[in-house]
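# Examination of the molecular architecture
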Amino acid sequence: MQGQKIVSMLVDDGYLVNTVLLVVMAFIPVVFGMFASAKGWISSKLDVVWNGAGLTPSVILALFATAYVTITYGASSHDGWPAWLRLILGAGVLGLADGMFSGAVIGTRSVFAEETKQRYVQMAILRGEREFTNALPNVLPALIGQLRARILLMLSGVVIVEVVLDVVGIGSLLWSGTLKQDFGVVLAATFMFAVFSSVLLVLQALAEIALNIFIRYAPVEAS
Amino acid sequence: MRRAAWKSAAWTAAGASILGALVLASLAAPEFLSRPNLAESALLPFTGGPILGTDIRGIPITEYALQGAGVVTMPALVSALVVAFLAIVAGLARCAAISWADTAIQLFSELVGALPRLVVVLVVALAMPAEWRSLFPIGVTWALLAAPGAMDEAASTAGRLGGAKFVEALRAHGFTATRIYLYHIVWLNLRGVIVRQSADIMMQVVFLEIALSYLAESQQQPSLTHQDSTFSWARLLYDGYTAIVGGLPLFHELFVGITLVAATAFMAQAFRRGAQAR
Amino acid sequence: MSEIERNRLRNAERSVADLLEANRSAPGTVLLEMLNVSIGTTQRSLVSDFSIRVREGRVTALVGASGSGKSLSARAMMGVLDVDPGLSAGSLRYPARSSRDWFEDVRGRGMGAQHTLLRASESLRGGYVTYSPQSASSALNPGRTVGRQLEMAIRRRETPPAEGMAAAVAQVLDEVGLPHRASRALVGELSGGQAQRAALAIAIAPNPAIMIADEPETGLDPVLRRVVTELMINVARRHNVGLVLITHNKDTVDRIADDMVLIGEDPWARYR
């Protein structure tokens, strides 16, 4: 509305980079949590902790994060905080709040638990093979689908986290555009989110092609 | 089995009590807040003033809590009903063996799942005229975006029963179609799924309202979810947080805000546990 | 006269007691010796004082009624115990490899010790001792081709195949009577009989010393039952494998067993 080019805001002013960084930094511990849960490294006794954090909405967690840093750094505005600190806190909030980490850990564990109960996995143990290596290829397509859904949910949280922690990003752009009724900005920000979503969809499809044998398999008449 | 039934009933009763309290609070919400009274500024709870104390302006915190309940309760209930309705439709469609229903649900799911929910909600908020600002359209939008998950779960549950074969078997026993669909399928088998999903949506709509209002408060902008004369629970969180950072004794205000959030989360969890299959 | 016919004639003159005694005292290299094993839960005993010896080149029938603990005993022979508290007595040795008693640290010590045994005995399973399951269609990995599963089994041989992997896979498929193109098939595309042959191929591919075949006739028609069991016995003889055949089919025992072990009561006693 003020005549500034949105493309230059996104690219030159770091809006796009910050949002991508936030999502990637939040995504990494979630993926690690899924892997650790699948291998049985995370005890189910800790589920209470993840669930507690997961039940907390991102706005509350972001509030705690800003309160902690404000008290530590003594700044009443965010100007005194290093950018890296805001990004790390934002990633932490995104990764824990709204059931992100807890859903990933508990969901992966239950998917693997169901799969390892299957007869073919029990028989694989009798062949000297491991449960994990037998079950993994068959559950990966489902897990990748779950991961995509989680990232989409994370993108929702990005709006809140960026505004509360004063991170310059596409989420905060969308928010300020909505408040100021700047249709051009809202359209541009929504378009960027749509691009993210499309990229995720393409990545999921490519991963399925690579991992799901039933997609690239040509039937064989064995008799 | 009896012990499990008692536990389930206890959890459901706990959830229903909090929901009942929310409904009563929303009905008792004042249309306008009391006038500021600096003589009673920042009173702590149980110190002779209002029961939950007052804020920096001397306005009872109870009034904020009641108004906030008024902002969220009905829209959250309506959103829960939307999800419940769609889940029932999906479950019944699976049992009625309507061949295009699965495809329609899949298509609906892919379309609404294409964008992050908050982005869609903000676009809806942008499209609303200022005088129509309310949580209702935002909550219903959120419910529609979340519905595919509930529909999928309900359809899977109906599928596990045996779908159309289950209906056929009951018809052979002489039950009417109405009884089969409403009692055997919805009440006996889909009830758990519907209660769980509806409770989750209620919680999410409440949290969504708090988040949107908090963001607006932090930027001194009008909220997208209620009129300027009304205040939501986000006000308690924002006032409490800024006061603590500024060194003012309003910890009780933040505490009340967080307690209301926790109560909402507990309500959803209580319904969830009450509806869990034995 | 085929070997199976010779077996049938010999067994026609032997009683059940003779077959049981043959397991205890027959000549030949003992490959597996599991003695006086008792396994149970807190509520009941599942296997009580069970013993078995498996000798090189011989077919041992493991006979018992349904639910008598045959499969549980078979898994115990491979170091797989998944019952709580599980093993209360007994020993397990592979005398041709070492004198180690594999159950020494497991007796009376519950699930934790059983998990340790599971990990410790992993190298034996699928290599020295293999297992051919019943209802093979649901027992093989549905997401891997038959060829891939055979390759994994062949890699567990003590010496890698000299002719290359593809040739080794083809050779194993020839042995069990499956066409070479079956290596590209998924398990779901095979018929019941083909899946059973594929399971047999996977069991025999590592050149094991001991093979345990768990009710290979289950789910097959009478003709296919004979085909599969005779195939099994021929393959086992060719590789000089000690074969444990779990069955409750008397005809199978008469046709192919060199000796027999009973678990629980004799299921055919009332019919003699």
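This text gives an overview of the structure that appears in the document. Numbers given for residues are sequential positions, taken from 1 along each chain in its written order. Chain letters start at A and ligand numbers start at 1, both assigned in the order the entries are written. Predicted model: local features are reported for residues with pLDDT of at least 70 only, side-chain atom pairs are reported and counted for 80 or more only, and whole-chain, interface and lining totals are derived from all residues. Excluded from the side-chain calculations are hydrogens and water; all other atoms, namely the structure's heavy atoms, are used.

## A word on the packing of aromatic side chains
- The rule is short: rings of Phe, Tyr and Trp, with Trp giving its six-membered ring, pair when the centres are within 6.5 Å, and they are stacked under 30 degrees, edge-to-face over 60, tilted in between. The final tally for this structure, using the stated rule, is 10 aromatic pairs over all chains.
- Ring centres 6.0 Å apart and planes at 50° place the aromatic pair B:W11 and B:F266 in the tilted group. Placement of B:W11 in helix α1 (residues 2-27) and of B:F266 in helix α9 (residues 251-275) is noted, with a sequence separation of 255 residues between them.
- A centroid spacing of 5.7 Å and a plane angle of 75° characterise the contact between B:Y214 and B:Y238, whose relative ring orientation is edge-to-face. Of the two residues, B:Y214 is situated in helix α7 (residues 177-218) and B:Y238 in helix α8 (residues 233-245); the sequence distance between them amounts to 24 residues.
- Exposed residues in this analysis have more than 50% of their type's maximum accessible area, buried residues have under 20%, and partly exposed residues fall in between, with area computed by a 1.4 Å probe over protein chains only. A residue is classified by how much of its surface remains accessible, and B:Y214, at 3% relative accessible area, is buried.
- Within the aromatic cluster, the residues linked to one another by ring pairs are A:F35, A:W41, A:F112 and A:F132. Numbering of helices and strands runs from the N terminus, with a helix taken as a DSSP run of H or I at least four residues long and a strand as a DSSP run of E at least two residues long.

## Structural notes on empty space enclosed by the protein
- Grid spacing is 1 Å over the protein atoms alone, the probe is 1.4 Å, and a cavity is where that probe fits but cannot get out, while a pocket is an open set with protein on both sides within 12 Å along at least five of seven lines and lining residues have an atom within 4 Å of a point. Grid points are joined across faces, edges and corners, and a volume is the space filled by probe spheres set on the points. Per the counting criterion, the structure on display carries three cavities of 30 Å³ or more.
- Estimated volume of the largest cavity: approximately 70 Å³.
- Every residue along the wall of the largest cavity is listed here: A:R127, A:E129, C:G126, C:T130, C:Y131, C:M152, C:A153, C:R156, C:I202, C:A203 and C:P206.
- Under the convention adopted here, Pro, Cys and the residues Ala, Val, Leu, Ile, Met, Phe, Trp and Tyr are nonpolar, Asp, Glu, Lys and Arg are charged, and Gly plus all remaining residues are polar. Looking at side-chain class alone, the lining of the largest cavity contains six nonpolar, two polar and three charged residues.
- When its volume is computed, the second largest cavity comes out at roughly 50 Å³.
- Sort the elements by how many residues they give to the lining of the second largest cavity and helix α7 (residues 192-204) of chain C lands first, with three residues.
- Along the lines of polarity and charge, the residues of the lining of the second largest cavity split into seven nonpolar, no polar and one charged.

## Section: the interface of chain A and chain C
- If you look at the interface, chain A gives 20 residues, while chain C gives 33 residues.
- In this description, buried area is defined as the sum, over both parts, of the accessible area (probe of 1.4 Å) that is lost when the two are combined. Summing both sides of the interface, chain A and chain C together bury roughly 2,300 Å²; the carbon and sulfur share of this comes to 54%.
- The working definition used for a salt bridge is a side-chain nitrogen of Lys or Arg within 4 Å of a carboxyl oxygen of Asp or Glu. If you look at where chain A meets chain C, you find two salt bridges.
- With a shortest N-O distance of 2.6 Å, C:E122 and A:R130 are connected by a salt bridge.
- Nitrogen and oxygen atoms within 3.5 Å of one another constitute a polar contact, given that in protein one can donate a hydrogen and the other can accept it, and given that sequence-neighbouring residues count only through two side-chain atoms. Here chain A is connected to chain C by 11 residue pairs in polar contact (both at pLDDT 80 or more).
- Only α7 (119-126), α8 (131-164) and α11 (213-216) of chain A provide two or more residues apiece to the side of chain A that touches chain C.
- Looking at which element gives the most residues to the side of chain A that touches chain C, the answer is α7(A), with five residues. By definition, residues are in contact when any of their heavy atoms lie within 4.5 Å.

## What to know about the interface of chain A and chain B
- Taken together, the 31 residues of chain A in the interface contact 31 residues of chain B.
- For the pair chain A and chain B, the number of links is zero salt bridges.
- Our enumeration of links across chain A and chain B arrives at three residue pairs in polar contact (both at pLDDT 80 or more).
- Those elements that provide at least two residues to the side of chain A that touches chain B are α4 (58-73), α8, α9 (170-179) and α10 (183-211) of chain A.
- A per-element tally of the side of chain A that touches chain B places α8(A) first, with nine residues.
- Of the residues that constitute the side of chain A that touches chain B, the class distribution is 21 nonpolar, nine polar and one charged.

## A closer look at the layout of surface pockets
- In this structure, the second largest pocket occupies an estimated 890 Å³ of space.
- Lining the second largest pocket are 33 residues; nearest its centre among them are A:T116, A:Q122, A:I125, A:E131 and C:L118.
- Breaking the lining of the second largest pocket down by element, the ones donating at least two residues are α2 (15-39), α6 (100-116), α7 and α8 of chain A together with α3 (70-77) and α4 (110-120) of chain C.
- Considering every element that reaches the lining of the second largest pocket, the biggest residue donor is α7(A), with five residues.
- By residue class, the composition of the lining of the second largest pocket is 13 nonpolar, eight polar and 12 charged.

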